[in-house]
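One-letter residues, chain by chain:
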Amino acid sequence: MTINIEYETDKKLDLDYEKIINEVVNEAAAYEKCPYEIEVNVTLTDNEAIHQINKEFREVDAPTDVLSFPMINYEAPSDFESLEDEFENNTEDYFNPDTGELMLGDIVVSVEKVAEQAEKYGHSEVRELAFLVAHSMMHLFGYDHMTEEESKVMEAKQREVLDNIGITR
């Protein structure tokens, strides 16, 4: 498994962000029973940069806490079986040619939002960063929260991933 982490802001998080990100990504992949070694890119940035990304890719003129850019279009969340033919016929679109790992996607986190939301919700920055990465990982596995039912499923999965690594509210 390859987890590429880029820290692209002068704003500091006073925590071991690499350890937290690695734990959450590993647990999410195990929890979703991903049958492949995966590659995930995580960028930690500030509100200004995430605002620009939001504007460019989502036409949203505001900073958000986290953005997810999945590389795979699932028929159903985490349904790797239905993608086997697609993967086999388009290997170069899905797998890193150097490592053979499935390129799951990219996560962008605002470190300013991590601090703001930890304070707002009354929990630690560790918990907030872990939550945002778990949330994004579920998006990279094809989950969404456009309906109340989808939200409940996604929230339960995020909570279980965090519980499994001992990060609770």
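Source: prediction; values computed, not measured.

Caption draft 1: Fine view of the environment of Ile 3. Mapped onto the elements, Ile 3 comes out in strand β1 (residues 2–7). By relative accessible area, Ile 3 is classed as buried at 16%. Measuring from C-alpha to C-alpha, the distance between Ile 3 and Glu 39 comes to 5.8 Å, with 36 residues separating the pair along the chain. Setting aside chain neighbours within four positions, we find Ile 3 in contact with Ile 21, Asn 22, Val 25, Asn 26, Val 40 and Val 42.

Caption draft 2: Region of interest: the pattern of salt bridges. On inspection of all chains with the given rule, the structure shows five salt bridges. Close ionic contact of Glu 23 with Lys 19 constitutes a salt bridge, the shortest N to O distance being 3.2 Å. Taken together, the residues Glu 23 and Lys 19, both in helix α1 (residues 17–31) and four residues apart, mark about one turn of the helix. The partly exposed category is assigned to Glu 23, whose relative accessible area is 29%. The class of Lys 19 is partly exposed, set by a relative accessible area of 48%. Across the pair Asp 61 and Lys 55 runs a salt bridge, and its minimum N-O distance is 3.8 Å. Its relative accessible area of 55% is what places Asp 61 among the exposed residues.

Caption draft 3: Unusual backbone geometry, seen in detail. Residue Glu 59 is not a glycine yet carries a positive backbone phi of 55 degrees. Topologically, Glu 59 is positioned in the loop between α2 (47–58) and β3 (66–70). Assessed through its relative accessible area of 75%, Glu 59 is described here as exposed. Phi at Ser 78 is positive, roughly 55 degrees, even though this residue is not glycine. Note that Ser 78 resides in the loop between β3 and α3 (84–89).

Caption draft 4: Representation of the nonpolar core within the structure. Membership of the largest hydrophobic core comes to 45 residues, with the highest contact counts inside it found for Ile 21, Leu 102, Leu 104, Leu 129, Met 137 and Phe 141. When residues of this core are traced back to their parent elements, those giving at least two are β1, α1, β2 (38–45), β4 (102–110), α5 (111–121), α6 (125–140) and α7 (148–164). In this structure Leu 129 touches Leu 13, Leu 15, Tyr 17, Ile 20, Ile 21, Leu 44, Val 109 and Val 114, once residues within four positions along its chain are discounted.

Caption draft 5: Fine view of the UniProt feature "binding site: Zn(2+)" (unreviewed entry) in the chain. With numbering aligned to this structure, UniProt lists the feature "binding site: Zn(2+)" (unreviewed entry) at His 135, His 139 and His 145. On the secondary structure map, His 135 appears in helix α6. Relative accessible area serves as the criterion here: at 15%, His 135 is assigned to the buried category. When neighbours within four sequence positions are excluded, His 135 is seen to be in contact with Val 66, His 145, Met 154 and Gln 158. Structurally, His 139 can be placed in helix α6. Residues contacting His 139, with those up to four places away along its chain left out, are Ser 68, Pro 70, Asp 144, His 145 and Met 154.

Conventions used here
- Residues numbered from 1 in each chain as written.
- Predicted model: local features only at pLDDT ≥ 70, side-chain atom pairs only at ≥ 80, totals over all residues.
- Heavy atoms only, no water.
- Helix = DSSP H or I, 4+ residues; strand = E, 2+ residues; numbered from the N terminus.
- Buried < 20%, exposed > 50% of the residue type's maximum accessible area, 1.4 Å probe, protein only.
- Contact = heavy atoms within 4.5 Å.
- Salt bridge = Lys/Arg side-chain N within 4 Å of Asp/Glu carboxyl O.
- Core = buried A, V, L, I, M, F, W, Y, C linked by side-chain atoms within 4.5 Å.
- UniProt positions renumbered as here; feature names shortened; annotations may be inferred.

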